[in-house]
Structures are given as structure tokens and as C-alpha cells.
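# Working through the structure, step by step
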Amino acid sequence: MTSPPEDQPSLIGEHDRDAAVRRVQEAYAEGHISHQEMDERLHRVLTAGTHAELAPALASLPAESADTTSTIAAAGGRIKRRGAWRVPRRLKVESAFGRVHLDLSEAVIEHPVIDIELQLGTGRARITVPRDAVVDLTGLHTGWKDTRYDTPRRSGPGGPRIRISGAMGYGRLRVRHARR
């Protein structure tokens, strides 16, 4: 196998393009760029054919985060977090059967976007989010019962964005905003 000549630009593959799209979307979700700038950068990423054409779309964006996913797992029983616990950027909760209760109302949230992945077999799950949080449930798949989400009457600006994804078998997820 021969390497391409040095004067020929290197073409980007789908993996590189997908990673660039994720990086631009994360920069927007974390508030580093505006919606209009995200649209412009995504257009550049999707139309780029070489690494040299891709580089300007990623210029001045924060470096990719190397944060890891924290996992809370139990085969059965209860998973419970409440009080002043530190919420990681990415949290995965796994339970074959049992109850899950995550209370983020008094938690230490250091990231503007929190991803919570639920992998639950049977049992209920309840997540209490801060009063000013924005909740996104589009990535969650439920098998038996629909999710109950009590939307706030009023929400203040500047709260964290909490994206809940994953899969639930038999059980129900209830998401509510803290009252105080």
C-alpha cells in the first residue's frame, strides 16, 4: 500500500466528518457559539472534502473533552442519589430491576450540559431536576409506559441542559422540576 503524494490533499472519511459535527454541536450546546455560527460551521463541515477544508470549521472551538462516563449500576434494589452530590458531565445508570431516584435539585452541577443515559429493565425511575433546568427526553426509548414529565410553569434563564437518553423496559420514568 502506498501513501498519497505529499502535494495531494488528504480526503476526510465519514468518521472524521461525524466527529466534527459532534464537536460543533457540543460547542453550541455548551454555549461557546451562537445558533447562526453553528449552522455556518455545520455547513462547512458537511461540504468539506479534505482536512484542509475542514480545519476552518473547527478553528477556535474548545478542544474535545476527554471526560469519561460515570456509571451507577445495580442488578436489583434501589439506586438513589440526593443532596449535595457532584453530577458528572456524563452519567450512565444501569439496573436490571429495582427503583432509581436521582435528585439533582441540590446537586453540584458544574457543566452546562449533563447527559444521563438510563439502561433500565424493570422498575420505576424518578429524576428531580433544578428549577431552571431545560430537559431533553428525545433520546429515551420506553418499552411499556410513557414518560411523565411535569414541565415547569416558569423557568429562569441560565439553567443546565439535561439530556436523558437510553432505554427503559417495563417501568416508568417521571421527571419533575424542584419546587425551590
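That block above? That's the structure.
Predicted, not measured: the structure shown is a model, and the values here were computed from it.

## What about the overall build of the protein chain?
Along the protein chain, the regular secondary structure elements total three helices and 12 strands. In the protein chain, buried positions account for 32% of the 180 residues. Taking contacts inside the protein chain between residues at least 6 apart in sequence as the whole, the part at least 24 apart equals 68%. Accessible surface computed for the protein chain: about 11100 Å², of which carbon and sulfur atoms make up 48%.

## Section: unusual backbone geometry
Although it is not a glycine, S60 sits at a positive phi angle of roughly 70°. Locating S60 in the fold gives a position in the loop between α3 (51-58) and β1 (69-74). For S60, a relative accessible area of 70% corresponds to the exposed category.

## Comments concerning the sheet that holds strand β7 (residues 113-122)
Across the sheet, which stays open at both edges, the five strands sit in the order β1-β4-β7-β11-β9 with parallel pairing between neighbours. The open sheet is flanked by β1 and β9 (134-142), the only strands paired with a single partner. In this sheet, neighbouring strand axes are inclined to one another by 15° on average, regardless of whether the strands run parallel or antiparallel. As paired elements, strand β4 (residues 90-97) and β7 share seven bridges and run parallel to each other. Each residue of the ladder has a partner; that of K92, found in β7, is E117.

## Section: the environment of V100
Topologically, V100 is positioned in strand β5 (residues 99-103). With 23 residues separating them along the chain, V100 and G77 place their C-alpha atoms 8.7 Å apart. V100 has contacts with I79, V93, S95, L120, R124, A125 and R126, leaving out every residue within four places of it along the chain.

## Quick word on a positive patch on the surface
Taken together, the side chains of R78, K80, R82, R99, R124, R126, K145, R148 and R172 define a basic patch exposed on the protein surface. With respect to the helices, strands and loops of the structure, R82 is situated in the loop between β2 (78-81) and β3 (86-87).

## Thoughts on the nonpolar core
Within the largest apolar cluster, 25 residues are counted, with the highest numbers of intra-cluster contacts made by L104, L118, I127, I164 and L173. Sorting the residues of this core by element identifies β4, β5, β7, β8 (125-129), β9, β11 (161-170) and β12 (173-177) as the ones contributing at least two each. Among the elements that make up this core, the one with the highest residue count is β7 (four residues). Setting aside chain neighbours within four positions, we find L173 in contact with L118, A125, R126, I127, L137, L140, D146, T147, R148, I164 and M168.

## Things to note about the pattern of salt bridges
Should their charged atoms come close, side chains of opposite charge can pair. All told, the structure shown has six salt bridges when counted by the stated rule. Between E94 and K92 there is a salt bridge; the shortest N-O distance is 3.2 Å. Looking at E94, the relative accessible area reads 29%, which means it is partly exposed. The closest approach of N and O atoms between D136 and R161, which form a salt bridge, is 3.3 Å.

## Focus on helix α2 (residues 35-47)
Given a rise of 1.5 Å per residue, 13 residues ought to cover 18 Å, and the 18 Å separating the end C-alpha atoms of α2 matches this to within 8%. Within α2, burial applies to M38, R41, L42 and V45. Buried residues in α2, looked at end-on, bunch into an arc of 105°, giving them a common side. Structural note: α2 exposes Q36, H43 and T47 on the side pointing more than 90 degrees away from its buried face. Looking at the packing, one finds that the buried side of α2 touches α1 (14-29) and α3.

Cut-off values and rules
- Residues numbered from 1 in each chain as written.
- Predicted model: local features only at pLDDT ≥ 70, side-chain atom pairs only at ≥ 80, totals over all residues.
- Heavy atoms only, no water.
- Helix = DSSP H or I, 4+ residues; strand = E, 2+ residues; numbered from the N terminus.
- Buried < 20%, exposed > 50% of the residue type's maximum accessible area, 1.4 Å probe, protein only.
- Contact = heavy atoms within 4.5 Å.
- Areas by Shrake-Rupley, 256 points an atom, 1.4 Å probe, with all protein chains shown as cover.
- Pairing = 2+ DSSP bridges.
- Axes fitted to C-alpha atoms, helices over the stretch in contact; angles between N-to-C directions.
- Patch = residues over 30% accessible without salt bridge, like charges linked within 9 Å, V, L, I, M, F, W, Y side chains within 5 Å.
- Salt bridge = Lys/Arg side-chain N within 4 Å of Asp/Glu carboxyl O.
- Lys, Arg positive; Asp, Glu negative; His and termini not counted.
- Charge placed at Lys NZ, Arg CZ, Asp CG, Glu CD.
- Core = buried A, V, L, I, M, F, W, Y, C linked by side-chain atoms within 4.5 Å.
- Expected span 1.5 Å × (residues − 1).
- Arc of directions from axis to C-beta.

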